[in-house]
Amino acid sequence: MSSKETQKVLMAKIGAAHGVRGEVRVKPFGDDPLSFTDYGVLTTKDGKQSFEVVSARVQKTVVVTKFKEVTDRNRAEELNGTELYIDRDQLPETDEDEFYYSDLNGLDVKDPQGEPLGKIVAVQDFGAGDLLEIRPKRGKTFYIPFTRDFVPEINLDSGFVVADLPEHYLSDEKPDPESSTDSPDR
């Protein structure tokens, strides 16, 4: 089996208990809040626990969910914080220029000349679009926008992306406002 076939993909996370009959609040990860219910049995990352969705309904920012294996509030409270996964091979194939976040994590990042910049450790979205979090060999992680301008090449088969960063993008120095050609004094 290839690593892609055995890779787990995080679909949702169980939160607080809801009521006394074993329902839980689930925080889904994905565009469709009910998408985690479409893949059958969900498991913990280690595969030791399995959960089959009996019912699910969207309620504000969570999905109130009833799992077959959870019959009372005590068991529901024990599961708070449990992450729910599916196998990567259960997801549909992506179109060209579409990627699952889990496929990008761990890829090497190179500049256009092939020099290493680090590895992708996460894909984040703080509200203004996707950002790649990159960990260099030394120093703090940094973010780059996940756009075609910043990431013109993605090679999943070879395990790398090319990042084309503007000059001084990684510089710790603050830009000198005096040297700006867009000065309002002109």
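The structure reproduced in this document is the subject of the present report. It should be emphasised that the depicted structure is a prediction, and the values quoted were computed from it without experimental measurement.

### Some points on the pairing of strand E2 (residues 23-28)
Where strand E1 (residues 8-18) and E2 come together, 5 bridges link them in antiparallel fashion. The residue of E2 that forms the bridge with isoleucine 14 is valine 26. Pairing of E2 with strand E6 (residues 62-67), which is carried by 3 bridges, proceeds in the antiparallel orientation. Bridged to valine 24 within E6 is threonine 65.

### Some remarks on the packing of aromatic side chains
Counted according to the given criterion, the structure contains 4 aromatic pairs. Ring centres of phenylalanine 126 and tyrosine 143 lie 5.8 Å apart, and the angle between their planes is 85 degrees; on these two criteria the pair is classed as edge-to-face. Here phenylalanine 126, found in the loop between strand E9 (116-125) and strand E10 (130-135), pairs with tyrosine 143, found in strand E11 (residues 142-145); they are 17 residues apart in sequence, far enough to count as distant. The class for phenylalanine 126 is exposed, based on a relative accessible area of 61%. The class of tyrosine 143 is partly exposed, set by a relative accessible area of 32%.

Conventions and cut-offs
Per chain, the residues get numbers from 1 upward, laid out in the order the sequence is written. With the structure being a predicted model, the display of local features is reserved for residues of pLDDT at least 70 and the display and counting of side-chain atom pairs for 80 or more, all residues being used for whole-chain, interface and lining totals. Calculated side-chain values reflect all of the structure's heavy atoms, with hydrogen atoms and water omitted. In this description, strands pair whenever DSSP reports at least two bridges between them. By definition, any uninterrupted DSSP run of H or I lasting at least four residues is a helix, any uninterrupted run of E lasting at least two residues is a strand, and each is numbered from the N terminus. The rule is short: rings of Phe, Tyr and Trp, with Trp giving its six-membered ring, pair when the centres are within 6.5 Å, and they are stacked under 30 degrees, edge-to-face over 60, tilted in between. Remark: exposure states derive from per-residue accessible area (1.4 Å probe, protein chains only) relative to the maximum for the residue type, with buried under 20%, exposed over 50%, and partly exposed in between.

Read these as spatial facts, not as claims about activity.
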